[in-house]
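Coordinate analysis (summary)
Each chain, letter by letter, is given below.
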Amino acid sequence: MYHNNSIRILTGNSHPELAQTVAERLNIPLIPCTVSKFSNGEINVKISESVRDEDVFIIQSGCGDVNDNLMELLILISACKTASARRITAVIPCFPYARNDKKDKSRAPITAKLVANMLVVAGCDHVITIDLHASQIQGFFDIPVDNLWSEPLMLTYIKRRIPGWENSIIVSPDAGGAKRVTAIADKLNVEFALIHRKRDRKRENAPERMEILVGDVKDKVAILVDDMIDTGRTLTLAANTLHEKGAKAVYALVSHGLLSDVNLTLIDQLPIVELVVTNTIPQTNKQKKCSKLVTIDVSPTIAESIRRTHNGESISLLFNERDREETGTVLVTKNT
């Protein structure tokens with residue numbers, strides 16, 4: 001029997017495997033929930049158990065059919081709100097529309113702000129997400145937002161799985177990732193490098209190329225770090241550049257492996273040893289098509305953040321050095 005204000009977890013269709021893994025780690029069954037469509041495409045939600053006066057966590061990632069999954073999340077939040085849930089937390093491992101976080105040209109939408117408004121209007125009381133594309137998105141909300149980091153998992157992976165990491169160099173494929181790579185490089189006590197993408201403006205239809213602005217990768221293990229991979233063009237340019245500049249080996253570590261417009265067989269042909277992504281996005285089917293794709297499981301981090309949120313404990317302590325050794329175990333899956 002459940003008592004009032006216990007943890008209740010439910011999920012839509014975006015990433016049920018991750019939700020199930022999180023629930024198992026917390027030793028809590030998922031609430032039976034049916035999310036389907038009417039014949040005209042409208043989304044229909046049925047929650048099979050009471051959530052009255054409960055602490056509800058809805059796990060739904062911004063992947064696959066992003067628009068449908070976002071509407072599923074909004075409808076699930078609204079359904080729990082009208083069912084008198086005490087608190088509703090949206091656990092969004094990969095935040096949708098995070099790349100539209102600023103007005104970078106005339107008449108451009110700030111869609112991330114729109115998504116934030118919709119979540120609040122639907123009845124969301126709290127948001128938990130992982131590696132926001134831009135930290136300023138937290139300021140779009142008038143409710144608490146916890147932006148978890150995959151950095152501890154990546155640090156552990158580097159130390160345990162990359163041979164010769166002591167002689168490595170952490171590389172950012174653009175200037176926007178400078179803060180991320182310098183933080184990792186400092187904690188590993190290694191050097192970092194920045195790459196700049198450019199195109200010859202004097203030549204029409206000139207191909208893009210990359211230049212290393214800071215750092216020397218020759219005879220070093222180059223570890224390319226980014227927050228998102230979608231089309232794979234940046235990874236291709238960066239990996240080829242590092243290989244041409246004499247890197248001994250190239251690894252790519254990316255938080256969100258969208259890989260929505262990528263011929264995965266081409267990744268096997270890149271001069272990289274492994275492409276490491278987290279399972280904020282479902283990767284099972286993609287791993288079957290790419291032997292270099294490796295997945296890190298973030299469910300321990302999500303489960304612990306849910307437990308701490310429910311108990312009113314600090315989430316920031318989850319990322320302390322001591323606690324990382326206790327809760328930052330890296331679970332890796334690779335296509336063999």
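In every chain, residue numbers begin from 1 and rise along the written sequence. Side-chain atom pairs in this predicted model are given and counted only at pLDDT of 80 or more, local residue features only at pLDDT of at least 70, and totals for whole chains, interfaces and linings cover all residues. Water and hydrogen atoms were dropped before computing side-chain values, which therefore reflect all heavy atoms in the structure.

**Some thoughts on the overall build of the protein**
Convention followed: Helical segments are the DSSP runs of H or I of at least four residues, strand segments are the runs of E of at least two, and each set is numbered from the N terminus. Two things to know: the radius of gyration comes from C-alpha atoms, and the globule rule equals 2.2 Å times the number of residues to the power 0.38. For every residue, the accessible area (1.4 Å probe, protein chains only) is compared with the maximum for its type, and the residue is labelled buried under 20%, exposed over 50%, or partly exposed between those bounds. We call two residues in contact when some of their heavy atoms are within 4.5 Å. For this count, His and the chain ends are skipped, Lys and Arg are scored as positive, and Asp and Glu as negative. We put the charge of a Lys on NZ, of an Arg on CZ, of an Asp on CG and of a Glu on CD.
The helix and strand tally for the protein stands at 10 helices and 15 strands. Scaling as 2.2 N^0.38, a compact globule of 336 residues should have a C-alpha radius of gyration of about 20 Å, and the protein matches this with 21 Å. Here the protein holds 336 residues, and 52% of them are scored as buried. Residue pairs in contact within the protein that sit at least 24 positions apart in sequence constitute 64% of those at least 6 positions apart. Looking at the protein, you have 41 positive and 41 negative side-chain charges, and the mean spots of the two groups are 4 Å apart.

**Examining the packing of helix 1 (residues 16-25) against helix 9 (residues 299-311)**
In plain terms, the rule: The axes used here are C-alpha line fits, helices contributing only the stretch in contact, and every angle between their N-to-C directions lies in the interval 0 to 180 degrees. For classification, angles of less than 35 degrees are called roughly parallel, those exceeding 145 degrees roughly antiparallel, those between 65 and 115 degrees roughly perpendicular, and all remaining angles oblique. In this scheme, a crossing is called left-handed if the near helix is turned counterclockwise away from the far one by less than a right angle; it is called right-handed if the turn is clockwise. In this classification, the charged set is Asp, Glu, Lys and Arg, the nonpolar set is Ala, Val, Leu, Ile, Met, Phe, Trp, Tyr, Cys and Pro, and all remaining amino acids, among them Gly, are polar.
Two numbers describe how helix 1 lies on helix 9: the axes approach to 9 Å, and their chain directions differ by 55°. Between helix 1 and helix 9, the angle is such that the two are oblique. Handedness of the crossing formed by helix 1 with helix 9: right-handed. Residue-level inspection shows Leu18, Thr21, Val22 and Arg25 of helix 1 in contact with helix 9, the latter providing Ser299, Pro300, Ile302, Ala303 and Ile306. Taken together, the residues of the contact of helix 1 with helix 9 break down into six nonpolar, two polar and one charged.

**Concerning the sheet that holds strand 4 (residues 55-59)**
Rules: Paired strands, as defined in this entry, are two strands with at least two bridges between them according to DSSP.
In space, the five strands of this open sheet follow the order 1-4-5-6-7, with parallel pairing throughout. The outermost strands of the open sheet, each flanked by one partner alone, are strand 1 (7-11) and strand 7 (145-148). Averaged over all adjacent pairs, the angle separating strand axes in this sheet is 20°, with direction ignored. Relative to strand 5 (residues 87-92), strand 4 runs parallel, the two being bridged by five bridges. Looking across to strand 5, one finds that Phe57 is bridged to Thr89. The strands that helix 2 (residues 66-82) touches are strand 1, strand 4 and strand 5; relative to strand 5, the one it contacts most, it runs at about 165°.

**Here's the deal with the confidence of the model for the protein**
Test applied: pLDDT expresses, on a scale from 0 to 100, how confident the predictor is about each individual residue.
Overall, the prediction assigns the protein a mean pLDDT of 89, with 91% of residues at 70 or greater. Across residues 322-328, confidence stays below pLDDT 50; counting only partners more than four residues off in sequence or on other chains, it has 14 contacts.

**Some points on helix 9**
The following threshold applies: Helix span, expected: 1.5 Å multiplied by one less than the number of residues in the helix.
Taking 1.5 Å as the rise per residue, helix 9 with 13 residues should run 18 Å; its terminal C-alpha atoms sit 18 Å apart, in good agreement. Across the 13 residues of helix 9, 10 count as buried, placing the element largely inside the fold. Of all the residues in helix 9, the buried ones are Ser299, Pro300, Thr301, Ile302, Ala303, Glu304, Ser305, Ile306, Arg308 and Thr309. Gly312 lies just past helix 9 and shows a positive phi near 70°.

**Brief notes about the pairing of strand 1**
The buried count for strand 1 comes to five of five residues, which makes it a mostly enclosed element. Every second residue of strand 1 is oriented toward a common face, with Ile7, Ile9 and Thr11 on one face and Arg8 and Leu10 on the other, all of them buried.

**Regarding the pattern of salt bridges**
Going by this rule: By convention in these notes, a salt bridge is any Lys or Arg side-chain nitrogen within 4 Å of a carboxyl oxygen on Asp or Glu.
With the rule as written, the count across this model stands at 15 salt bridges. In this structure, Arg86 engages Asp53 in a salt bridge whose closest nitrogen and oxygen atoms are separated by 2.7 Å. Residue Arg86 is located in the loop between helix 2 and strand 5, and its partner Asp53 is located in the loop between strand 3 (43-47) and strand 4; the two are separated by 33 residues in the primary sequence. Put simply, Lys220 and Glu191 hold a salt bridge, and the shortest N to O gap is 2.6 Å. Taken together, the positions of Lys220 in the loop between strand 10 (208-214) and strand 11 (221-229) and Glu191 in strand 9 (residues 191-199) put the pair 29 residues apart, joining distant regions of the chain. With a relative accessible area of 15%, Lys220 lands in the buried category. Salt bridges sharing common partners tie together Glu304, Arg307, Arg308 and Glu313.

**A closer look at the side chain of His256**
Spelled out, the test is: Here a polar contact is taken to be a pair of N or O atoms separated by no more than 3.5 Å, where protein atoms must pair a possible hydrogen donor with a possible acceptor and residues adjacent in sequence count only if both atoms sit in side chains.
Secondary-structure assignment places His256 in strand 12 (residues 249-257). A polar contact of 3.0 Å, which involves the side chain of His256, links it to the backbone oxygen of Ile130. In terms of polar contacts, His256 uses its side chain to reach the backbone carbonyl oxygen of Asp131, at 3.2 Å.

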